[in-house]
Amino acid sequence: MSGLKSFIALSMLLSAPLFNVRGGADDGVEFFEKKIRPLLVEHCYKCHSAQSERVKGGLLLDTREGVLKGGDTGPAIVPGDPEKSLLIKAVRHTDKDPQIPHKDKKLPDAQIAELVVWVKMGAPDPRVTEVHPVGTASAKAKTWWAFQPVQKPKVPSAGDRDPIDAFIVEKLAAAGLKKSPTADKRSLLRRATYDLTGLPPTPDEVAAFLADDSPGAFARVVDRLLASPAYGQRWARHWLDVVRYADYHDADPKARTASCEPLEAWRYRDWVVESFNRDLPFDQFIVHQLAGDLLPSPTGEAIYPAGLIATTFLANGAWDRGDADKEKMVSDMVDDQIDTVGKAFLGLTLGCARCHDHKFDPLSNEDYYALAGIFYSTHFMENLGAKGGEITFKRVPLVPWAVAALRDGQVLQLDAIKAKLTALDKLSPPVATNHPERLMLVKERDALQAGLPPPYPVAMTVQEGGMPGGLFPNIQDVPIHIRGSYTRLGPVIPRRMPAFFAGESQPPITQGSGRRELAAWVASEKNPLTARVIVNRVWQWHFGEGLVHTPNNFGLLSEPPTHPALLDWLAAQFVEDGWSLKTLHRRIMLSAAYQRASAIPRPQFARDPDNRWLGRFTARRLEAEAIRDAMIFVSGRLDLSPDGPAGADVGALRRSLYVQTARWDRSNFATLFDAANPDASVEKRTVSTVAPQALLMLNNDFVQVQAAELAKRLLREASGDEAARIQWACQLLFARPAHAEELAIGHQLLAKSGQSGAADAWRDFAHVLLCTNEFIYVD
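In this report, we go over the structure that sits alongside the text.

Analysis parameters
- Residues numbered from 1 in each chain as written.
- Predicted model: local features only at pLDDT ≥ 70, side-chain atom pairs only at ≥ 80, totals over all residues.
- Heavy atoms only, no water.
- Disulfide = S-S within 2.5 Å.
- Helix = DSSP H or I, 4+ residues; strand = E, 2+ residues; numbered from the N terminus.
- Buried < 20%, exposed > 50% of the residue type's maximum accessible area, 1.4 Å probe, protein only.
- Polar contact = N/O pair within 3.5 Å; in protein donor to acceptor, adjacent residues only side chain to side chain.
- Contact = heavy atoms within 4.5 Å.
- Axes fitted to C-alpha atoms, helices over the stretch in contact; angles between N-to-C directions.
- Parallel < 35°, antiparallel > 145°, perpendicular 65-115°, else oblique.
- Nonpolar A, V, L, I, M, F, W, Y, C, P; charged D, E, K, R; others polar.
- Core = buried A, V, L, I, M, F, W, Y, C linked by side-chain atoms within 4.5 Å.
- Phe/Tyr/Trp six-rings, centres within 6.5 Å; stacked < 30°, edge-to-face > 60°.
- Lys NZ or Arg CZ within 6 Å of the ring centre and 35° of its normal.
- Salt bridge = Lys/Arg side-chain N within 4 Å of Asp/Glu carboxyl O.

1. A word on the state of the cysteines
Right, on to step 1. Per the counting criterion, the structure on display carries zero disulfides.
Right, on to step 2. The closest cysteine sulfur to the non-disulfide-bonded Cys44 is located on Cys47, 8.7 Å from its own sulfur.

2. Notes on the side chain of Arg495
Right, on to step 1. Its place among the elements puts Arg495 in the loop between β8 (489–493) and α20 (499–502).
Right, on to step 2. Accessibility expressed as a relative area gives 9% for Arg495, which makes it buried.
Right, on to step 3. At 2.7 Å, the side chain of Arg495 forms a polar contact with the backbone oxygen of Gly512.
Right, on to step 4. Not counting the four nearest positions on each side in its chain, Arg495 is found in contact with Ala370, Gly373, Ile374, Ser377, Ile475, Gln476, Asp477, Ile509, Gly512, Ser513 and Gly514.

3. Quick look at the packing of helix α28 (residues 691–699) against helix α29 (residues 701–717)
Helix packing for two helices is described by the angle between their axes and how far apart those axes are.
Right, on to step 1. With their axes 5 Å apart at the nearest point, α28 and α29 run at an angle of 50° to one another. Taken together, the axes of α28 and α29 are oblique relative to one another. Taking contact as the criterion, the partners of Leu696, Met697, Leu698 and Asn699 in α28 are, on α29, Asp701, Val703 and Gln704.
Right, on to step 2. Considering only residue class, the contact of α28 with α29 consists of four nonpolar, two polar and one charged.

4. Re the nonpolar core
Right, on to step 1. One finds Trp239, Tyr268, Leu290, Phe345 and Trp539 to be the most contacted residues of the largest nonpolar core, which totals 126 residues.
Right, on to step 2. A per-element tally of this core places helix α16 (residues 326–346) first, with nine residues.
Right, on to step 3. Trp239 has contacts with Tyr268, Val272, Phe276, Phe282, Phe285, Gln289, Ala344, Phe345, Ile534 and Trp541, leaving out every residue within four places of it along the chain.
Right, on to step 4. Membership of the second largest hydrophobic core comes to 44 residues, among which are Ile627, Val634, Ala766 and Ile776.

5. Description of the packing of aromatic side chains
For any pair of aromatic rings, geometry is given as the distance between the ring centres together with the angle between the planes.
Right, on to step 1. Counted under the stated rule, the structure contains 28 aromatic pairs.
Right, on to step 2. Judged by centre distance (4.9 Å) and plane angle (90°), the ring pair of Phe147 and Phe501 falls under edge-to-face. Note that Phe147 is positioned in the loop between α6 (136–141) and α7 (163–175) and Phe501 in helix α20, a separation of 354 residues in sequence. Taken as a pair, Phe147 and Phe501 share a single burial class, namely buried.
Right, on to step 3. Following the ring pairs from residue to residue traces out a cluster consisting of Trp239, Tyr245, Tyr268, Trp271, Phe276, Phe282, Phe285, Phe313, Phe345, Phe574 and Trp579.
Right, on to step 4. Positioned above the aromatic ring of Tyr594, the side-chain terminus of Arg191 is 5.8 Å from the ring centre.
Right, on to step 5. Between the NZ or CZ atom of Arg191 and the centre of the ring of Phe617, over which it lies, the distance is 3.7 Å.

6. Remarks on the pattern of salt bridges
Right, on to step 1. Evaluated as defined, the whole model comprises 42 salt bridges.
Right, on to step 2. The partner of Arg354 in a salt bridge is Asp335, and the shortest N-O contact between them spans 3.7 Å. Of this pair, Arg354 sits in the loop between α16 and α17 (365–376) while Asp335 is found in helix α16, placing the two residues 19 residues apart along the sequence. The pair formed by Arg354 and Asp335 is uniform in burial state, with each residue classed as buried.
Right, on to step 3. Across the pair Lys684 and Glu545 runs a salt bridge whose closest N-O atoms are separated by 3.1 Å.

7. Observations regarding helix α11 (residues 229–242)
Right, on to step 1. Burial within α11 is extensive, with 13 of its 14 residues counted as buried.
Right, on to step 2. Sitting at the head of α11, Ser228 places a side-chain oxygen 3.0 Å from the backbone nitrogen of Ala230.
Right, on to step 3. Immediately beyond the C-terminal end of α11, within one or two residues, lies Arg244, with a positive phi of roughly 50°.

8. Regarding the environment of Gly651
Right, on to step 1. With respect to the helices and strands, the residue Gly651 is situated in the loop between α26 (624–634) and α27 (669–672).
Right, on to step 2. Placed 54 residues apart in sequence, Gly651 and Val705 show a C-alpha to C-alpha distance of 9.1 Å.
Right, on to step 3. The contacts of Gly651, once residues within four sequence positions are left out, are Arg628 and Phe702.

9. A few points about the side chain of Gln595
Right, on to step 1. Considering the arrangement of structural elements, one finds Gln595 in the loop between α24 (581–589) and α25 (602–607).
Right, on to step 2. Excluding residues within four positions of it along the chain, Gln595 makes contact with Thr182, Ala183, Leu188, Arg191, Phe218, Met589 and Leu590.

Below, the structure is given as structure tokens:
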């Protein structure tokens, strides 16, 4: 057994491909803008900037050059090494001198920790100088590609080619590159099935596709997969990455309280699944999440449950719910909402304008607080004004008010009766069990209990009305928070949309919070960003890389699209098609670009190693959830039942979508395979290749159980012939028959492991197959 395990570990470690993980720099700049710059401005610029009356210690902290050069005692930081950085020692007040800020004004521990994180990141700092000529950013923004209206470009002349392919072939020709041939049918079916459902094709599905040589065979496969309930489950997971979804705030069940445990978040997850499966137009998908509580019920009912549930998007955010400063917590909640709305729907880093004008994009500090007023005028938390009271989520019944009120009244009556019975028990001596008063109370209690309806469903939602007990308890415009702090308030800013994008002459918001107006603006076909952003996301989730490589940021710091005309054609067509995601899937997947093989001659690979010009399909590893689901699926035990609360047991047989995620739990199977961090909007998952992944596949109990169950399936479903079972295993896991050399290796492994019996031998063989790259990669 030990020799076989060594073989598995070595085969994974030696054959695992290496990845160039894009990203990091943009994340660092955003961290600087949101955390570090405001800190430096508030606590350090008075003594260490060009505007200081006297620069202390010769240290300037208002430019990148100043930080790196340092002051009289040397460089302020050593990028990547906080322990050797004088600035970190100074803010920790490790020595009597130097100390920043000086004397008794030490920074809070949380801010010191943020500085340490920043230095560890390499101290990313976009500041070259703090002098910005008036109008420079706006002049560039006026011609920036993403801020221009979407115009449907003319398709290049390419005979009878699909429009997508016409645009791509034009770019390939300009680069002097050739395209790969079409992928074989088995690879194509496996690719499409994982893409749309997150599961492998069954041997029957493979056989049916191979036997269908009629025109439109692959189109029928795509339609079948889009009609599968598994499609919504697969694509909901993509969207949940973007909206920082979590089932729980804390990882430890014992630590969960009402304020940290979004018990009803799963209803939002199920709404997303259902919306994708019924192809809810994406513009309506946006409106529901921003203002669903304000939508009328399509059936004329008094309440619209789907609309209420959809707004969980705004409530289920990442913030410090244990913060003793409740007003700061609320301002952080509002910032999270603005930031997520900007990234998810618009590809804009709106949150970077919280403390100052955005340093790159045409977003002012006033724009930020105009939007903040909309969210401060939205009621999403309770007990803000209660002294010592625990802050809780806003929960709203999903039944008519009269039904909820009736049950609530019955519960109050029942509680009162139980309290009276408890009081009788505490008397000395206790009241006898046959005492008339006790008997009457027991009779009333039992009658109420028998007639009590079951608990009614509730949604973690938002509603109009401000935050009772907070700084802004009503629907109202709010003032600028100077340097992002609610303790220093500036002029009041009327609620509106960002001026550069929505214009200077917007109608005033006079009724309600303004979320209705926000939703209408974001979801408008005239908005230059919305359609481009979602089309780019869908492209990325099919190809592994978007036409724009920073899906959450289409601003001036982003890299322009590799195929700008194609992106605009897709965005315009998407709107013409009624904002239908399923139609967009069909267009992309029926293109020759999607159906190309991943193999390509080495000289061509050398000229386009990142597949920038889409001459081939890029092979990629499955996500953590798909790896887990596929292991259970090929063992024949995956529970495909939809909906309902998430379970805590990773060993359960439901899809990974229904295994709970906790915001602070970063130590599980999914995390090891680069699952999304729900602390913030994730535009694209990183792909790491590290030894612990191989060790988990080798030693984890869950993996070993799946190997044992797969072995049982092979023994049960295939004939007693060893070769037939090896063939069946390859069909289940790889959608192809075994090669001759694989048969030989399989026979060898079975012979070496056969000392402890057939079941153990086949378990070891199944374990080897589950650990292969071919099983967890799609090409």
